[in-house]
Amino acid sequence: MCSKVSKADNDLRKLLSEKRLKGDEDRKVGSEVFDRLTLETLYKLAKMGYVNQLQGAISTGKEANVFKGVDDQGNFVAVKIYRVSTSDFKKMQQYIQGDPRFNVKTSNKRQIINTWVTKEMRNLKRALEVGVKVPKPLVAKNNVLVMEFIGDDIGNPAQLMRQTIISNPDYVADKILNYVKILYNNAKLVHGDLSGYNILIDDGEPVIIDISQGVTVDNPISRELLNRDITNLVNDFKKMGVEISKDEIKSKIMDV
Ligand SMILES: Nc1ncnc2c1ncn2[C@@H]1O[C@H](COP(=O)(O)OP(=O)(O)OP(=O)(O)O)[C@@H](O)[C@H]1O
């Protein structure tokens with residue numbers, strides 16, 4: 001028992017000392033992201049073996065920060081930490097309320113974020129189950145989601161589709177459209193924020209990320225979100241040299 005506790009203490013010390021937050025931006029992130037409850041959550045995840053080192057920020061987003069971590073077995077993991085101070089609770093509430101899977105009537109900010117993280121985890125699982133390539137979710141606890149790290153063996157994260165040169169654009173576009181189709185028809189989900197900024201290219205393969213706002217097709221806003229996703233894809237594909245119209249995409253998705 002004693003040795004377990006001291007191992008966990010050591011793990012947390014290691015986790016915090018090795019998070020290696022560099023530069024002004026990262027330091028700002030450090031103080032904003034690592035509030036007491038977040039530290040406690042990371043501590044529990046360290047004890048459970050999910051993350052025992054954080055190795056710096058991969059991204060500093062509007063509402064969350066994504067860190068590269070290492071688990072007990074030495075595997076890289078991606079650790080997404082929602083910031084309670086800057087999250088858009090109104091938007092989160094709107095998306096959660098229209099979702100029959102959740103019955104959350106609270107206006108408590110932490111509870112809303114925790115539900116949001118659970119929603120992201122469940123959407124990722126549901127996408128994986130039908131064969132969409134997304135990061136495998138490993139654990140969700142409070143405002144922290146730990147998932148499979150998408151990148152190379154030495155820890156370089158994969159590039160965003162919008163920020164990389166695609167060597168196989170037709171293949172990538174086709175794969176993405178098939179993912180949107182099976183997500184819609186089989187998982188009954190709409191991503192809701194799909195664009196080249198939420199698709200990673202890993203070894204020539206598209207991987208869809210950031211599915212937290214994804215809604216079930218019976219949500220009243222699902223059609224509007226699907227249309228927006230399709231518009232974004234038309235524009236992104238065009239930039240990659242793949243011409244396809246909104247109507248063509250719609251008929252591909254609905255063609256079951
Ligand atoms: N599983 C992962 N493996 C590797 N990198 C990842 C992973 N998940 C996210 N990232 C990186 O972190 C960035 C932010 O992730 P994500 O889009 O999920 O967070 P976000 O806070 O919603 O971002 P934003 O506010 O910019 O939309 C991604 O653009 C990607 O570069």
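Thresholds applied
Residues numbered from 1 in each chain as written. Predicted model: local features only at pLDDT ≥ 70, side-chain atom pairs only at ≥ 80, totals over all residues. Heavy atoms only, no water. UniProt positions renumbered as here; feature names shortened; annotations may be inferred. Buried < 20%, exposed > 50% of the residue type's maximum accessible area, 1.4 Å probe, protein only. Helix = DSSP H or I, 4+ residues; strand = E, 2+ residues; numbered from the N terminus. Pairing = 2+ DSSP bridges. Expected span 1.5 Å × (residues − 1). Arc of directions from axis to C-beta. Near = heavy atom within 4 Å. Polar contact = N/O pair within 3.5 Å; in protein donor to acceptor, adjacent residues only side chain to side chain. Nonpolar A, V, L, I, M, F, W, Y, C, P; charged D, E, K, R; others polar. Domains from an automatic or database assignment. Axes fitted to C-alpha atoms, helices over the stretch in contact; angles between N-to-C directions. Parallel < 35°, antiparallel > 145°, perpendicular 65-115°, else oblique. Left-handed = near helix turned anticlockwise from the far one by under 90°. Contact = heavy atoms within 4.5 Å. Phe/Tyr/Trp six-rings, centres within 6.5 Å; stacked < 30°, edge-to-face > 60°. Lys NZ or Arg CZ within 6 Å of the ring centre and 35° of its normal.

With an unreviewed UniProt entry as reference, the protein chain is termed non-specific serine/threonine protein kinase, source organism Methanobacterium lacus. On record in UniProt, under Sequence similarities (unreviewed entry), the comment for the protein chain is "Belongs to the protein kinase superfamily. RIO-type Ser/Thr kinase family."

Draft legend 1. Fine view of the pairing of strand 2 (residues 64-70). A large share of strand 2 lies buried, amounting to seven of its seven residues. Side-chain alternation along strand 2 places Ala64, Val66, Lys68 and Val70 on one buried face and Asn65, Phe67 and Gly69 on a second face that is also buried. Counting the residues in the hairpin turn of strand 1 (residues 53-60) and strand 2 gives three residues. One ladder, built from seven bridges, connects strand 2 with strand 3 (residues 76-82); its direction is antiparallel. Residue pairing for strand 3: asparagine 65 is matched across the bridge by isoleucine 81. Here strand 2 folds back onto strand 3 in antiparallel fashion, the turn holding five residues, of which glycine 74 has a positive phi close to 90 degrees.

Draft legend 2. Fine view of helix 3 (residues 36-47). End to end, helix 3 covers 17 Å across 12 residues, agreeing with the expected 16 Å (1.5 Å per residue, within 8%). By the burial criterion, the buried members of helix 3 are Thr38, Thr41, Leu42, Leu45 and Ala46. What you see down the axis of helix 3 is that its buried residues fit within an arc of 140 degrees, all on one side. Along helix 3, exposed side chains directed more than 90 degrees from the buried face belong to Arg36 and Lys47. Of the residues one or two after helix 3, glycine 49 is the one with positive phi, at around 90 degrees.

Draft legend 3. Region of interest: the site of the ligand. Taken together, 17 residues are adjacent to the ligand, and Lys62, Lys80, Glu148, Ile150 and Asp210 come closest. Glutamate 148 places a main-chain nitrogen or oxygen 2.9 Å from a nitrogen atom of the ligand. Listing elements by their share of the shell around the ligand, those giving two or more residues are strand 1, strand 2, strand 3 and strand 5 (144-148). Taken together, the residues of the shell around the ligand break down into 10 nonpolar, three polar and four charged. Three or more residues apiece are contributed to the shell around the ligand by two domains, here domain 1 (2-148) and domain 2 (159-254).

Draft legend 4. Representation of the packing of helix 6 (residues 169-185) against helix 8 (residues 246-254) in the model. At a closest axis distance of 8 Å, the pairing of helix 6 and helix 8 adopts a crossing angle of 50 degrees. What the angle tells us is that helix 6 and helix 8 run oblique. Both helix 6 and helix 8 take part in a crossing whose hand is right-handed. Along its contact with helix 6, which presents Asp174, Leu177, Val180, Lys181, Tyr184 and Asn185, the element helix 8 presents Ile249, Lys252, Ile253 and Met254. Each residue belonging to the contact of helix 6 with helix 8 can be placed in one class, and the counts come to six nonpolar, one polar and three charged.

Draft legend 5. Up close: the packing of aromatic side chains. Taken as a whole and assessed by the stated rule, the structure comprises two aromatic pairs. Measuring from ring centre to ring centre gives 5.6 Å for phenylalanine 76 and phenylalanine 149, while their planes differ by 50 degrees; the resulting arrangement is tilted. Taken together, the positions of phenylalanine 76 in strand 3 and phenylalanine 149 in the loop between strand 5 and strand 6 (159-160) put the pair 73 residues apart, joining distant regions of the chain. When its relative accessible area of 25% is taken as the criterion, phenylalanine 76 is described as partly exposed. Given the relative accessible area of 10%, phenylalanine 149 is considered buried. Across from the ring centre of phenylalanine 76, 5.0 Å away, lies the NZ or CZ of lysine 68, which sits over that ring. The cationic tip of lysine 91 hangs over the ring face of tyrosine 95; the distance from NZ or CZ to the ring centre is 5.9 Å.

Draft legend 6. Region of the structure containing the packing of helix 4 (residues 89-97) against helix 5 (residues 109-129). One way to put it is that helix 4 packs onto helix 5 with a least axis distance of 10 Å and a crossing angle of 55 degrees. Between helix 4 and helix 5, the interaxial angle falls into the category oblique. Both helix 4 and helix 5 take part in a crossing whose hand is left-handed. From helix 4, Phe89, Lys91, Met92, Gln93, Tyr95 and Ile96 reach across to helix 5, where they touch Lys109, Ile112, Ile113, Thr115, Trp116 and Lys119. Of the residues belonging to the contact of helix 4 with helix 5, the class tally is seven nonpolar, two polar and three charged.

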